[in-house]
Amino acid sequence: MRHFSLTLLLLVTAPFSPLPAAETLATGSARLTDIPREYRLDGVVEATNQSTISAQTSGQVVEIRVDVDDFVEQGAVIIRLKDTEQRARLEQAEADLRAANAVVQEASRDYERTREIFQRKLVAQSAMDKATANLQASRARQEAASAALDQAREQLEYTRIRAPYAGIVTERLIETGETAAPGQRLISGISLEQLRVSVDVPQSLIPSIREQARARVLLPDGSAVESTDLTVFPFADPASGTFRVRLQLPTGVAGLFPGMLVKTRFEIGTMQQLLIPAASVVYRSEVTAVYVVDEAQRLSLRHIQTGHKRNGDMIAVLSGLEEGERVALDPVEAGSRLKLQPPGHPPATGPADE
C-alpha cells in the first residue's frame, strides 16, 4: 500500500511536457490576393439563331414533314410545295438554252467561213461586220438562256423548304393544302447550339464593362461559364436609362434554354481580398469558423465571416483573420488535436473574439 502511494505521488508531480498539438498538422496561410471586382445582374437566355422561314415562290403545300418540338438537321426538307409550274418553267428554260446553243454554233461556223473569205479579200467589210455581230448576239442570247435556266432551277428548289440550321421547330404557321405566296411565313424554329444572354446594364457601369470586356454566366448547377464575346449596344433605353449587353456563350452549354433567367457577373475592376482554402472552413449550425495555428503551434477555434468562393478551391474571409495567419487544412483532425491540447495552453483569442 505504501509502495502504491509513492508511485501515484511520482506520477502526479512528474513534469508534463507534451508535443505541441499542431506540430505535424497540415496548414495553409491567409493571403491577400487581387481578384476581379464583379457586379451581378439578371439576364435572359436567347437563341442566337431564331427565325421564321417564309415562302420564296408560290405553290400549294403538299407535305409538312415536321411539327412543333421536332428536331431537324441543317439542310433537311421540312415543307414541300406543289412544283408542277416550276418544273414546266425549268423544262422550257432547258429547251431555250439548247436552242441558243444551236444558234451559237451556227453563228460561229458562219463567222469562220466569212473570216476566211474576208482574209482573201473576196467579201466586203460589211459582211465581216455582220457575221461578227450575229456571233456576239447569239452568244448574248445563250448567256440569257443560261441565266433563265439557273433561275428556273432556283424556283424549283424553292418548292422544297429546307432548315437553315439544326434546331427545334417552335411554331407551324401553315397547314397542308393551303397555298403559299411569296413572303408568307411558314414555320419558326430556334437552335440550341448557339445561345447568348441579354442583360440590361445601368449606364454607370458601361465604361468599366467596355474596358474590361469580361463576364460570366452562372449555370443552374452552380458552375459558371465565361462569355466568348461581349456586345454593348450603342444606345440606351430612354425609359430605364440602361444599356442592352449581349453575352455570347460557348457552343454546347448544357442546362440552358431560351427564355430562362440566369445570373451574370460583369468584371468592373479588381480588388484585394483575404483568401484561405475552402476546405479549412468549419460549418457548425450557424457558426462559421477555422482552426488557427499560432507561432507556438497552438490550436484555437476562430469564428470568421466568409464571402464567396474564389479561384476554385479558395474562399474569401471578410473578418476574423489577418494576413499571414495559418489555418488547419483538415478541420476534423484539428478538432481531435484541440481536445488533446494540454492544460496551460489555452486557445488563443482571435480578432473576432476581442
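The shown structure was predicted, so the numbers you read here are calculated from the model rather than taken from an experiment.

Trainee: Just checking my understanding: could you explain the pairing of strand E8 (residues 167-172) for this structure?
Mentor: Successive residues of a regular strand alternate their side chains across the two faces of the sheet. Alignment of strand E5 (residues 71-72) against E8, held across 2 bridges, turns out to be antiparallel. Looking at the pairing, valine 72 lines up with glycine 167 of E8. Judged from the 4 bridges that link them, E8 and strand E10 (residues 185-190) form a sheet pairing that is antiparallel. Within E10, the position partnered with valine 169 by the bridge is glycine 189.

Trainee: Mind showing me how you'd approach the sheet that holds strand E4 (residues 59-64) here?
Mentor: Strand pairing in a sheet relies on backbone hydrogen bonds. The paired strands run either parallel or antiparallel. The 4 strands lie next to each other as E7-E6-E4-E9, forming an open sheet whose pairing is antiparallel. Strand pairing shows two members of the sheet lacking a second neighbour, strand E7 (160-162) and strand E9 (179-180), which therefore form its edges. As paired elements, E4 and strand E6 (residues 77-81) share 3 bridges and run antiparallel to each other. Counterpart to glutamate 63 in the pairing with E6 is arginine 80.

Trainee: Looking at this structure, how should I read the sheet that holds strand E3 (residues 50-54)?
Mentor: Taken in spatial order, the 4 strands make up an open sheet running E3-E10-E8-E5, and their pairing is antiparallel. Edge strands, defined here as strands with exactly one partner in the open sheet, are E3 and E5.

Trainee: Got a minute to help me understand the packing of helix H2 (residues 84-119) against helix H3 (residues 125-157) in this structure?
Mentor: Two quantities define a packed helix pair, namely the angle between the axes and the distance from one axis to the other. Across the interface, H2 lies against H3 with an axial gap of 8 Å and an inter-helix angle of 160 degrees. Our classification of the angle between H2 and H3 gives roughly antiparallel. Judged by the sense of rotation from one axis to the other, the crossing of H2 with H3 is left-handed. Looking at the contact of H2 with H3 residue by residue, the class counts come to 18 nonpolar, 11 polar and 9 charged.

Trainee: Help me out: how do you make sense of the pairing of strand E14 (residues 229-236) in this one?
Mentor: Both E14 and strand E15 (residues 242-248) contribute to a ladder of 5 bridges, which runs antiparallel. Residue aspartate 229 lies in a different strand from E15, and its bridge partner there is glutamine 248. Linking E14 to E15, which pair antiparallel, is a turn of 5 residues; within it glycine 241 sits at a positive phi near 70 degrees.

Trainee: Could you clarify how one ought to interpret the confidence of the model for the protein in this entry?
Mentor: Here the protein averages 86 in pLDDT, while 89% of its residues score no lower than 70. pLDDT under 50 marks residues 346-354. Its contacts with residues more than four places away, or in other chains, come to 19 contacts.

Trainee: What is the right way to read the nonpolar core from this model?
Mentor: Here is a general trend for soluble globular proteins: nonpolar side chains tend to be buried in one another's company. Ranked by internal contacts, the top residues of the largest apolar core, which has 26 residues, are Val201, Leu247 and Phe266. Breaking this core down by element, the ones donating at least two residues are strand E2 (31-47), strand E11 (195-202), helix H4 (206-212), strand E12 (215-218), E14, E15 and strand E16 (261-277). No other element matches the 4 residues that E11 contributes to this core. Contacts of phenylalanine 266, omitting those with residues within four sequence positions, involve Arg37, Glu38, Tyr39, Leu41, Val199, Val201, Ile209, Arg214, Ala215, Leu230, Val245 and Leu247. Ranked by size, the runner-up nonpolar core spans 16 residues in total, among them Val66, Val72, Leu81 and Ala163.

Trainee: What exactly am I supposed to notice about the environment of valine 287 here?
Mentor: For valine 287, the position within the fold is in strand E18 (residues 287-293). Judged by relative accessible area, which is 34%, valine 287 ranks as partly exposed. In this structure the C-alpha to C-alpha distance between valine 287 and histidine 303, which are 16 residues apart in sequence, comes to 7.1 Å. For valine 287, the residues in contact, after removing those within four places along its chain, are Val282 and His303.

Trainee: Looking at this structure, how should I read the environment of lysine 263?
Mentor: With respect to the helices, strands and loops of the structure, lysine 263 is situated in strand E16. Between the C-alpha atom of lysine 263 and that of valine 44, which follows or precedes it by 219 residues, the distance is 8.7 Å. Sequence-distant contacts of lysine 263, that is, excluding residues within four places in its chain, are made with Leu41, Asp42, Arg216, Val217 and Leu218. Reaching out from lysine 263, the side chain makes a polar contact with the side chain of aspartate 42 at a distance of 2.8 Å.

Cut-offs and rules
- Residues numbered from 1 in each chain as written.
- Predicted model: local features only at pLDDT ≥ 70, side-chain atom pairs only at ≥ 80, totals over all residues.
- Heavy atoms only, no water.
- Pairing = 2+ DSSP bridges.
- Helix = DSSP H or I, 4+ residues; strand = E, 2+ residues; numbered from the N terminus.
- Axes fitted to C-alpha atoms, helices over the stretch in contact; angles between N-to-C directions.
- Parallel < 35°, antiparallel > 145°, perpendicular 65-115°, else oblique.
- Left-handed = near helix turned anticlockwise from the far one by under 90°.
- Nonpolar A, V, L, I, M, F, W, Y, C, P; charged D, E, K, R; others polar.
- pLDDT = per-residue confidence, 0-100.
- Contact = heavy atoms within 4.5 Å.
- Core = buried A, V, L, I, M, F, W, Y, C linked by side-chain atoms within 4.5 Å.
- Buried < 20%, exposed > 50% of the residue type's maximum accessible area, 1.4 Å probe, protein only.
- Polar contact = N/O pair within 3.5 Å; in protein donor to acceptor, adjacent residues only side chain to side chain.

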